[in-house]
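# Fold and geometry: a report
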Amino acid sequence: MKICLALLLFVSQALALDPAKLVAIHPAMEEAVKAKLAAGIVTLVMEKGKIVHHDAAGMADIAKGRAMEKDALFWIASMTKSVNATAVMTLVDDGKLALDEPASKWLPELADVTVEGGAKPNKPITLRMLLSHTAGIAFPPRKPTDGAISLQSYVATLTKTPLAFQPGSSYEYGFGPTVAGRIIEIVSGMKYEEFMRTRLFEPLGMKDTTFHPTDEQRARIARTYKMDEDTRHLVPGYNPFVTSDSSVQHMPEPAGGLFSTAQDMGRFYAMIANNGELDGKRILSAKSVADMTQPVSAGEKQLNYACGWQCNTETQRVCSAMPVGSFGHGGAFATNGWVDPTSGIVTVFLVQNVLVPDSGKPKDALQKIVMEAAGIMVKPLARKQTKP
């Protein structure tokens, strides 16, 4: 009887993904490279905290003949927002922050902001608004000092700029998460990057996740590529976060400054998929995971954005191949990380594309293969009926 029960328990915990079907990922990525949708790609799939696929295709540097490797580093851009929000939630768990209290409690300058046109805010800005782009803090104009000044000074410029709209009344993708990152510094008494390292990266074993890559890590950074408009060939593209050398450091940007690897990000997402715990280490409470990944509303309109996370809802699908209720985030150079909490499946797709047409197609192909391998039927988004 004990043997039967043990066998039943083993079967119930067995992974659902069919390894034979995951084999299709590599040729699909090679085909994408051949079609010039990317120079090189790293893919990773995890299920219930276990890596079930990790692969590299194409080139990390075409001119140097450097093949893409599984441990290549990528600028993950806005995927950073999910990590930043998770750091905020660790302080919520500590009782030092709250998502729905006035954020001016920790950053007094927020009490003095004005709305464009000079009006005073109708309601105070909260951390939930900052993390979900509903605070009214939009993208600031680009300046030569960007990346050169401290996070403290940069946020000071953001809070002096009039809000684009009344807090909570609308949505505009912007730099609210950067302000939230500064609040982490204030409340913790630590430099932002140090807090991230000690509270998240080290406990999760994310040894290659950093705002400031070392010389050894810089040698593994995948080169950024764009599509030449005339030749239709992939050519090197500009990446503002790859500095001239390791001693020249860009400001730690909570909204998009991290470099990481597929394996590191897989561990982060696996922790989230497991309600805040990985390998027996509790990083975040299950309550905070649920609160952080719940889509918000603004101006009485339901959004598909949560606190640092893009979400698949019944009416809005960020990742068309993934099911409703899943969530994650993409990055400016076509990177993507996604979590399906129901199945415990995580996908990580890393490339370095800027101005490359159809950059999202290989990611869609990856996620489609994974869902088919899991036997999960993803319903297509219902089309809105149009009146004749």
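Scope of this entry: the structure provided in the associated data block.

Thresholds, definitions, all that
- Once a new chain begins, its residue numbering starts again from 1 and follows that chain's sequence as written.
- Selection of residues for local features in this predicted model requires a pLDDT of at least 70, selection of side-chain atom pairs for listing and counting requires 80 or more, and totals for whole chains, interfaces and linings are taken over all residues.
- Side-chain numbers come from the whole structure's heavy atoms, not from hydrogens or water.
- Numbering of helices and strands starts at the N terminus; helices are DSSP runs of H or I of at least 4 residues and strands are runs of E of at least 2.
- Throughout, the radius of gyration refers to the C-alpha atoms, and the reference size of a globule is 2.2 Å times the residue count to the power 0.38.
- With a 1.4 Å probe rolled over the protein chains alone, any residue whose accessible area is under 20% of its type maximum counts as buried; one over 50% counts as exposed, and the rest are partly exposed.
- Residues count as neighbours in contact if any of their non-hydrogen atoms are within 4.5 Å of one another.
- Values of accessible area rely on a 1.4 Å probe in the Shrake-Rupley scheme; residue burial ignores everything except the protein chains shown.
- Neither His nor the chain ends is counted toward charge; the positive residues are Lys and Arg and the negative residues Asp and Glu.
- Note on charges: their place is set at NZ of Lys, CZ of Arg, CG of Asp or CD of Glu.
- In this analysis, the protein atoms alone were mapped onto a 1 Å grid. Cavities are point sets where a 1.4 Å probe fits without being able to get out; pockets are open sets with protein on both sides within 12 Å along at least five of seven lines; lining residues have an atom within 4 Å of a point.
- Grid points are joined across faces, edges and corners, and a volume is the space filled by probe spheres set on the points.
- Basically, the charged four are Asp, Glu, Lys and Arg, the nonpolar ten are Ala, Val, Leu, Ile, Met, Phe, Trp, Tyr, Cys and Pro, and anything else, Gly included, counts as polar.
- Classification of ring pairs rests on two measures: the distance between centres of Phe, Tyr or Trp rings, Trp counted by its six-membered ring, which must be within 6.5 Å, and the angle between planes, read as stacked under 30 degrees, edge-to-face over 60 and tilted in between.
- The term disulfide is used for any two cysteine sulfur atoms that are within 2.5 Å.
- The term nonpolar core refers to a set of buried residues drawn from Ala, Val, Leu, Ile, Met, Phe, Trp, Tyr and Cys, joined through side-chain atoms within 4.5 Å.
- For two strands to count as paired, DSSP must find a minimum of two bridges between them.
- Geometry is summarised by axes, namely lines fitted to C-alpha atoms with helices restricted to the contacting stretch, and by angles between N-to-C directions that run from 0 to 180 degrees.
- Note on angle classes: values under 35 degrees are labelled roughly parallel, values over 145 roughly antiparallel, values of 65 to 115 roughly perpendicular, and the remainder oblique.
- For any helix crossing, the convention is left-handed if the near helix is rotated counterclockwise from the far helix by under a right angle, and right-handed if that rotation is clockwise.

This paragraph deals with the overall build of the chain. Counting secondary structure elements, the chain contains 12 helices and 15 strands. Computed over the C-alpha atoms, the radius of gyration of the chain is 21 Å, within 12% of the 21 Å expected from 2.2 N^0.38 for a compact globule of 388 residues. When the backbone C-alpha atoms are referred to their principal axes, the chain occupies close to 60 × 60 × 60 Å. Counting over 388 residues, the chain shows a buried share of 53%. In the chain, the proportion of contacts linking residues at least 24 apart, taken out of those at least 6 apart, comes to 67%. Carbon and sulfur atoms provide 55% of the accessible area of the chain, an area that totals close to 18000 Å². For the chain, the distance from the average site of its 41 positive side-chain charges to the average site of its 39 negative ones is 3 Å.

Attention now moves to empty space enclosed by the protein. Summed over all chains, the structure comprises one cavity of 30 Å³ or more. Here the largest cavity defines a volume of roughly 60 Å³. Around the largest cavity, the lining residues are Phe 211, His 212, Pro 213, Arg 218, Phe 241, Thr 243, Asp 245, Ser 246, Val 248, Gln 249 and His 250. Grouping the amino acids of the lining of the largest cavity by side-chain chemistry returns four nonpolar, five polar and two charged.

This next bit is on the packing of aromatic side chains. The tally for this structure, following the rule as stated, stands at 12 aromatic pairs. With 5.9 Å between their ring centres and 45° between their planes, Tyr 171 and Tyr 305 make a pair best called tilted. Pair noted here: Tyr 171 is in the loop between α6 (151-160) and α7 (176-188) and Tyr 305 is in the loop between β11 (301-302) and β12 (310-311), with a separation of 134 residues, a long-range link. Taken together, the ring pairs in this structure connect Phe 139, Tyr 154, Tyr 171, Tyr 173, Phe 175 and Tyr 305 into an aromatic cluster.

Turning our attention to the environment of Ile 272. Looking at where Ile 272 falls in the secondary structure, it is placed in helix α10 (residues 262-273). Taking C-alpha positions, Ile 272 is 9.0 Å from Thr 86, a pair spaced 186 residues apart along the chain. Not counting chain neighbours up to four residues away, the residues in contact with Ile 272 comprise Thr 86, Val 289, Met 292, Trp 309 and Phe 327.

The next thing to look at is the layout of surface pockets. Take a probe with the size of a water molecule and roll it over the atoms, and the empty space left behind shows itself. What the largest pocket holds in volume is close to 540 Å³. What lines the largest pocket is a set of 25 residues, among which Trp 75, Arg 142, Phe 175, Pro 240 and Phe 241 lie closest to the centre. Split into classes, the residues belonging to the lining of the largest pocket amount to 15 nonpolar, six polar and four charged. Taken as a whole, the second largest pocket encloses approximately 330 Å³ of empty space.

Turning our eyes to something else, we now look at the state of the cysteines. According to the stated counting rule, one finds zero disulfides in the structure shown. Free of any disulfide, Cys 319 has its nearest cysteine sulfur in Cys 311, 11 Å distant.

It is worth spelling out the nonpolar core at this point. Counting 75 residues, the largest nonpolar core has Leu 127, Leu 130, Met 265, Phe 268 and Tyr 269 as its most contacted members. In terms of residues, this core owes the most to one element, α10, which gives eight residues. Counting residues in each nonpolar core, the second largest holds 25 residues, with Ala 32, Val 45, Trp 338 and Val 351 among its members.

So, about the pairing of strand β15 (residues 345-350). By the criterion of burial, β15 is predominantly enclosed, with six of the six residues buried. Here β15 shows a buried face lined by Ile 345, Thr 347 and Phe 349 and a second buried face lined by Val 346, Val 348 and Leu 350. Bridge analysis of strand β1 (residues 40-47) against β15 gives six bridges, and the strand direction is antiparallel. Paired with Thr 43 across the bridge in β15 is Phe 349. In this sheet, β15 lies alongside strand β14 (residues 336-340) in antiparallel orientation, the contact comprising five bridges.

Strand order in this open sheet of seven strands is β3-β2-β1-β15-β14-β13-β12, and the pairing throughout is antiparallel. Each end of this open sheet is capped by a strand with a single partner; those strands are β3 (66-67) and β12. The pairing of strand β2 (residues 50-61) with β3 spans two bridges and is classified as antiparallel. Bridge pairing in β3 places Met 59 opposite Ala 67. Against the sheet, helix α3 (residues 25-34) touches β1, β2 and β15, its axis set at about 20° to β2.

At their nearest, the axes of α3 and helix α12 (residues 361-374) sit 10 Å apart, and the two run at 170° to each other. Classified by the interaxial angle, the pair formed by α3 and α12 is roughly antiparallel. The interaxial crossing formed by α3 with α12 has right-handed handedness. For the pair α3 and α12, the contacting residues are Ile 25, Ala 28, Met 29 and Ala 32 in the first and Pro 362, Ala 365, Leu 366, Ile 369 and Val 370 in the second. Looking at the contact of α3 with α12, its residues break down into nine nonpolar, no polar and no charged.

Among the eight residues that make up β1, eight are buried, leaving the element largely enclosed by the rest of the structure. Covered by surrounding structure in β1 are Gly 40, Val 42, Leu 44 and Met 46 together with Ile 41, Thr 43, Val 45 and Glu 47, the residues of both alternating faces. Relative to β2, β1 runs antiparallel, the two sharing eight bridges. Bridged to Val 42 within β2 is Ala 56. Counted along the chain from β1 to the antiparallel partner β2, the turn is two residues long, and its residue Lys 48 has a positive phi close to 50°.

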